[in-house]
Amino acid sequence: MSSPEPEPADALTVVAPQLRALRRRASLTLEAAARAAGLSPAHLSRLETGQRQPSLPMLLALARIYGTTVSELLGETVAERDAVVRAADMEPTAAGGWTYWPAGAHGRGMQALRVHVPQGSQGDIVRVHPGEEWLYVLGGRLRLRLGDTTHRLAPGDSAHFDSLTPHRIAAQDPDGVELLFVHTLLQSPTATLCLGPTPGETS
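To start, this report covers the structure provided alongside it.

Cut-offs and rules
- Residues numbered from 1 in each chain as written.
- Predicted model: local features only at pLDDT ≥ 70, side-chain atom pairs only at ≥ 80, totals over all residues.
- Heavy atoms only, no water.
- Helix = DSSP H or I, 4+ residues; strand = E, 2+ residues; numbered from the N terminus.
- Buried < 20%, exposed > 50% of the residue type's maximum accessible area, 1.4 Å probe, protein only.
- Contact = heavy atoms within 4.5 Å.
- Areas by Shrake-Rupley, 256 points an atom, 1.4 Å probe, with all protein chains shown as cover.
- Pairing = 2+ DSSP bridges.
- Axes fitted to C-alpha atoms, helices over the stretch in contact; angles between N-to-C directions.
- Phe/Tyr/Trp six-rings, centres within 6.5 Å; stacked < 30°, edge-to-face > 60°.
- Salt bridge = Lys/Arg side-chain N within 4 Å of Asp/Glu carboxyl O.

Structural notes on the overall build of the protein
Here is step 1: Across its full length, the protein carries 5 helices and 9 strands.
Here is step 2: Each helix and strand of the protein, ordered N terminal to C terminal, gives the series α-α-α-α-α-β-β-β-β-β-β-β-β-β.
Here is step 3: For the protein, with 203 residues in total, the buried portion stands at 40%.
Here is step 4: Summarising the internal contacts of the protein: among those between residues at least 6 apart in sequence, 70% fall at separations of at least 24.
Here is step 5: Entry remark: accessible area of the protein is about 10,000 Å², with carbon and sulfur atoms responsible for 53%.

Structure (structure tokens):
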């Protein structure tokens with residue numbers, strides 16, 4: 001039987017102190033970490049105190065900057081590094097309108113996720129960051145914009161691209177799109193993810 005999706009309040013309770021602890025472990029001031037992530041210190045402070053819920057792109061950015069994984073930011077720990085991830089152990093997490101499940105082992109140089117992207121969620125966010133990304137469409141149709149070119153992907157289609165190419169991801173169907181998503185997890189304190197405007201939020 002699958003585990004229920006964590007309630008947003010529970011997620012915030014776990015994520016906020018982890019964000020602060022991992023920033024301090026990386027020996028970064030609030031100002032330096034915020035600047036590297038493309039956020040204001042006030043916005044990052046609100047994330048660390050649980051007043052704001054971080055989106056998945058923000059979590060990816062902060063994980064790169066702190067030299068860790070999204071799983072660790074979410075407070076997930078494992079006794080040992082295992083090569084196999086069982087379906088029953090894939091706990092869903094909601095962030096920024098997306099729902100994602102870890103599909104790879106913790107602490108690796110790449111991070112694998114299964115992601116559900118609802119229609120209209122984060123479609124206006126432009127992402128630019130070091131590394132590579134690979135995605136595979138499991139269900140639904142995806143609109144992927146790479147630079148000035150728009151691609152429409154159907155189930156079975158995939159894309160592999162340099163993450164320094166400005167890119168946008170959006171679901172075309174009302175039911176959203178299901179993806180397998182793999183990205184390189186850069187262990188650099190200067191790695192950044194540049195976010196476009198998010199409706200209702202300011203940085």
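Next comes the rest of the account.
Notes on the sheet that holds strand E7 (residues 158-162)
Here is step 1: Spatially, E1-E2-E3-E9-E4-E7 is the arrangement adopted by the 6 strands of the open sheet, whose pairing is antiparallel. Every interior strand has two partners, whereas the edge strands, strand E1 (93-95) and E7, have only one. Between one strand axis and the next, the sheet turns by 25 degrees as a mean value, whatever way the strands run.
Here is step 2: When E1 meets strand E2 (residues 98-102), the two strands line up antiparallel, connected through 3 bridges. The partner of Thr93 across the bridge, within E2, is Tyr100.
Here is step 3: On top of the sheet, helix H4 (residues 56-66) reaches E1, E2, strand E3 (110-117) and strand E9 (177-184); it is set at about 15 degrees to E9, its chief contact.

Examining the packing of aromatic side chains
The description of two aromatic rings rests on the distance between their centres and on the angle between their planes.
Here is step 1: This structure, assessed with the given rule, holds 1 aromatic pair.
Here is step 2: Measuring from ring centre to ring centre gives 6.2 Å for Trp134 and Tyr136, while their planes differ by 20 degrees; the resulting arrangement is stacked.
Here is step 3: By relative accessible area, Tyr136 is classed as partly exposed at 30%.

Concerning the pairing of strand E6 (residues 149-153)
Here is step 1: Here strand E5 (residues 142-146) pairs with E6 via 5 bridges, running antiparallel. Bridge assignment links Leu142 to a residue of E6, and that residue is Leu153.
Here is step 2: Hairpin geometry of E5 and E6 is characterised by an intervening segment of 2 residues between the two adjacent antiparallel strands and by a positive phi of about 65 degrees at Gly147.

Describing the pairing of strand E4 (residues 132-139)
Look at any regular strand and the pattern is simple: side chains alternate between the two faces of the sheet.
Here is step 1: Inspection of the sheet shows E4 paired to E7 by 5 bridges, in the antiparallel sense. Looking at the pairing, Glu133 lines up with Phe161 of E7.
Here is step 2: When E4 meets E9, the two strands line up antiparallel, connected through 6 bridges. Within the sheet, the bridge partner assigned to Gly139 lies in E9 and is Glu178.

Here we look at H4
Here is step 1: Counting buried positions along H4 yields 11 of 11 residues, so the element is predominantly enclosed.
Here is step 2: Those residues of H4 not exposed but buried are Leu56, Pro57, Met58, Leu59, Leu60, Ala61, Leu62, Ala63, Arg64, Ile65 and Tyr66.

Thoughts on the pattern of salt bridges
Here is step 1: Following the criterion strictly, the structure yields 3 salt bridges and no others.
Here is step 2: Its salt-bridge partner being Glu178, residue Arg114 comes within 4.0 Å of it at the nearest N-O pair. With Arg114 in strand E3 and Glu178 in strand E9, this pair connects stretches of sequence that are 64 residues apart.
Here is step 3: The exposure class assigned to Glu178 is partly exposed, which follows from its relative accessible area of 25%.
Here is step 4: Of the charged contacts in the structure, one is a salt bridge between Arg141 and Asp173, with a shortest N-O distance of 2.7 Å. Residue Arg141 is located in the loop between E4 and E5, and its partner Asp173 is located in the loop between strand E8 (167-171) and E9; the two are separated by 32 residues in the primary sequence.

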